[in-house]
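Residue-level structural notes
Now for the letters of each chain:
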Amino acid sequence: MKLTVEVSKYPLADEYLEPIKGFIEELNKHKNVHVITNTLSTQLFGDYDDVMAALQGCIRWSFEKYGKVVFVCKFLHGDLRP
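Calculation rules
- Residues numbered from 1 in each chain as written.
- Predicted model: local features only at pLDDT ≥ 70, side-chain atom pairs only at ≥ 80, totals over all residues.
- Heavy atoms only, no water.
- Phe/Tyr/Trp six-rings, centres within 6.5 Å; stacked < 30°, edge-to-face > 60°.
- Buried < 20%, exposed > 50% of the residue type's maximum accessible area, 1.4 Å probe, protein only.
- Disulfide = S-S within 2.5 Å.

A short note on the packing of aromatic side chains
Each aromatic ring pair is summarised here by two numbers: the centre-to-centre distance and the angle between the ring planes. Using the criterion set out here, one finds 3 aromatic pairs in the structure. Judged by centre distance (5.7 Å) and plane angle (80 degrees), the rings of Trp61 and Tyr66 are edge-to-face. Classification of Tyr66 by relative accessible area gives partly exposed; the value is 22%. Taken together, the ring pairs connect Phe23, Phe63 and Phe71 into an aromatic cluster.

Rendered as structure tokens:
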């Protein structure tokens, strides 16, 4: 099954760019997940298990490294990349 996820990350800190860039860099380490970023969100595309594993690991990494962070995610069935 294919999955598309749109993620927005909101670090609860004055210095917010580094945590966002770090999260995207961690996502890009997952070669089975296609990642597209824009100024509003990051979009993930691929097989359900691969996308969910990448997202779970990167969210955990982000919490451990940066502390309080808000994630807003939208999950859509299918690979909806442009």
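Still more to cover.
Concerning the state of the cysteines
Using the criterion set out here, one finds 0 disulfides in the structure. The structure places no disulfide on Cys58, whose sulfur is separated from the nearest cysteine sulfur, that of Cys73, by 11 Å. On the basis of relative accessibility, which here comes to 28%, the residue Cys73 falls in the partly exposed class.

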